[in-house]
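Listed below, chain by chain, are the residues.
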Amino acid sequence: DVSNPAAMSIVKQVQIPEARLIGSMAIQGNTAIAVGDTLGFYDALSGLTGNLTITSLDVTDPRNPKVLQTIVTRLSYNLDQTVVPIGNNTFAAGGTTNSGKPVLLLIDASNPSQLRFLPYDASVLNRPVLSSGNLFYALGATGLSIYRLDTVAVPPLTAAVPLPKSERTAEQ
């Protein structure tokens with residue numbers, strides 16, 4: 001609560017499932033996206049040792065946010081992880097790697113209870129810092145990169161589960 005700047009206080013703490021550490025959060029409308037790490041630090045020299053987590057929260061009531069979904073990815077999380085809203089219920093995250101290679105991550109939060117994400121290969125480890133219209137800006141080792149995004153081409157997700165056939169299953 002910052003209503004009295006001389007006496008700010010914590011109103012509520014929210015536990016994020018599967019995440020030991022949250023590194024960045026962004027809000028768009030009534031949805032917040034938080035990115036974190038499953039394991040945190042092993043020691044002072046280890047860096048982050050787990051996998052990237054992506055969590056959506058409903059912040060309709062800012063004093064009482066509700067966790068909607070957490071996804072544990074196979075991506076690695078770095079200390080410079082950032083996430084920014086880029087419009088149309090989409091977020092960009094950076095500071096992540098896939099098998100040691102830098103990636104930018106687009107997160108589709110059009111249904112915050114069923115997040116989708118798509119990693120895009122990047123030439124350097126970038127950290128999105130700002131968005132404006134269909135552009136977002138990222139900082140990296142080579143300087144400022146500007147990305148244009150008109151639509152998010154996240155493939156639809158489908159799953160097939162083979163069920164064993166047995167005489168009993170066939171009779172019922």
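What counts and how
- Every chain begins its residue count from 1, and numbering advances along the sequence as written.
- Under the rules for a predicted model, residues below a pLDDT of 70 receive no local features and side-chain atom pairs below 80 are neither given nor counted, while totals for whole chains, interfaces and linings still include all residues.
- Side-chain descriptors were evaluated using all non-hydrogen atoms of the structure, hydrogens and water having been removed beforehand.
- Labels follow the DSSP assignment, with helices taken as runs of H or I lasting at least four residues and strands as runs of E lasting at least two, numbered in each case from the N terminus.
- Type-normalised accessible area, obtained with a 1.4 Å probe on protein chains alone, sets the label of each residue: buried when under 20%, exposed when over 50%, and partly exposed for intermediate values.
- Only heavy atoms matter for contacts: two residues are in contact if any of them lie within 4.5 Å across the pair.
- For the accessible areas, the method is Shrake-Rupley and the probe is 1.4 Å, while residue cover comes only from the protein chains on display.
- What we call a nonpolar core is a set of buried Ala, Val, Leu, Ile, Met, Phe, Trp, Tyr and Cys residues that are connected through their side-chain atoms within 4.5 Å.
- By definition, a salt bridge exists where a carboxyl oxygen of Asp or Glu is found within 4 Å of a side-chain nitrogen of Lys or Arg.
- The pairing criterion is simple: DSSP has to find at least two bridges between the two strands.
- With axes taken as lines fitted to C-alpha atoms, and helix axes fitted only over the stretch in contact, angles between N-to-C directions fall between 0 and 180 degrees.
- Identification of polar contacts relies on pairs of N or O atoms within 3.5 Å, with a donor-acceptor requirement for protein atoms, meaning one able to donate a hydrogen and the other able to accept it, and with residues adjacent in sequence counted only if both atoms are side-chain atoms.
- As a per-residue measure, pLDDT tells how confident the predictor is, with possible values from 0 to 100.

(A) Representation of the overall build of the protein chain. Secondary structure assignment for the protein chain yields one helix and ten strands. Listed N to C, the secondary structure of the protein chain is β-β-β-β-β-β-β-β-β-β-α in terms of helices and strands. Relative to its full complement of 172 residues, the protein chain shows a buried share of 37%. Sequence separation of at least 24 residues holds for 41% of the intrachain contacts in the protein chain that already meet a minimum separation of 6. Put simply, the protein chain shows about 10700 Å² of open surface, and 53% of that area lies on carbon and sulfur atoms.

(B) Here's a closer look at the nonpolar core. Core analysis: the largest hydrophobic core is formed by 16 residues, its most contacted members being Ile33, Ile54, Val83 and Ile107. Within the residue set of this core, elements represented by two or more residues are β2 (31-37), β3 (51-58), β4 (66-87), β5 (90-98) and β6 (101-108). If one sorts the elements of this core by residue count, β4 sits on top with four residues. If we ignore the near neighbours within four places in the chain, the residues touching valine 83 are Ser24, Met25, Ala26, Ile33, Val35, Phe91, Ala92, Ala93 and Ile107.

(C) The arrangement of the pattern of salt bridges in detail. This model, assessed by the stated rule, comprises one salt bridge. Between aspartate 108 and arginine 116 there is a salt bridge, and its shortest N-O distance comes to 2.8 Å.

(D) View of the sheet that holds strand β9 (residues 135-140). Across the sheet, which stays open at both edges, the three strands sit in the order β8-β9-β10 with antiparallel pairing between neighbours. With one partner strand each, in any of the chains shown, β8 (127-132) and β10 (143-148) form the two edges of the open sheet. In this sheet, neighbouring strand axes are inclined to one another by 25 degrees on average, regardless of whether the strands run parallel or antiparallel. Alignment of β8 against β9, held across five bridges, turns out to be antiparallel. Looking across to β9, one finds that serine 132 is bridged to leucine 135.

(E) Focus on the pairing of β9. Burial along β9 is one-sided: the residues Phe136, Ala138 and Gly140 are buried and none of Leu135, Tyr137 and Leu139 is. With antiparallel pairing between neighbouring strands as the criterion, β8 and β9 make up a hairpin whose turn holds two residues, including glycine 133 at a positive phi of roughly 60 degrees. Two elements, β9 and β10, share six bridges in a ladder whose sense is antiparallel. Residue pairing across strands places tyrosine 137 opposite isoleucine 146, the latter belonging to β10. The antiparallel pairing of β9 with β10 creates a hairpin that spans two residues between the two strands.

(F) Structural detail: the pairing of β3. The buried count for β3 comes to six of eight residues, which makes it a mostly enclosed element. In this sheet, β3 lies alongside β2 in antiparallel orientation, the contact comprising seven bridges. Residue pairing across strands places alanine 34 opposite threonine 55, the latter belonging to β3.

(G) Up close: the side chain of threonine 38. Mapped onto the elements of the fold, threonine 38 is located in the loop between β2 and β3. For threonine 38, a relative accessible area of 17% corresponds to the buried category. In terms of polar contacts, threonine 38 uses its side chain to reach the backbone amide nitrogen of asparagine 51, at 2.9 Å. Non-local contacts of threonine 38, meaning those with residues more than four positions away in its chain, are made with Glu18, Ala19, Arg20, Gly50, Asn51, Thr53 and Val72.

(H) Representation of the confidence of the model for the protein chain within the structure. On average, residues of the protein chain score 82 in pLDDT, and 84% of them reach the 70 mark or higher. For the protein chain, the element scoring lowest by mean pLDDT is helix α1 (residues 167-171), at 54; β3 scores highest, at 94.

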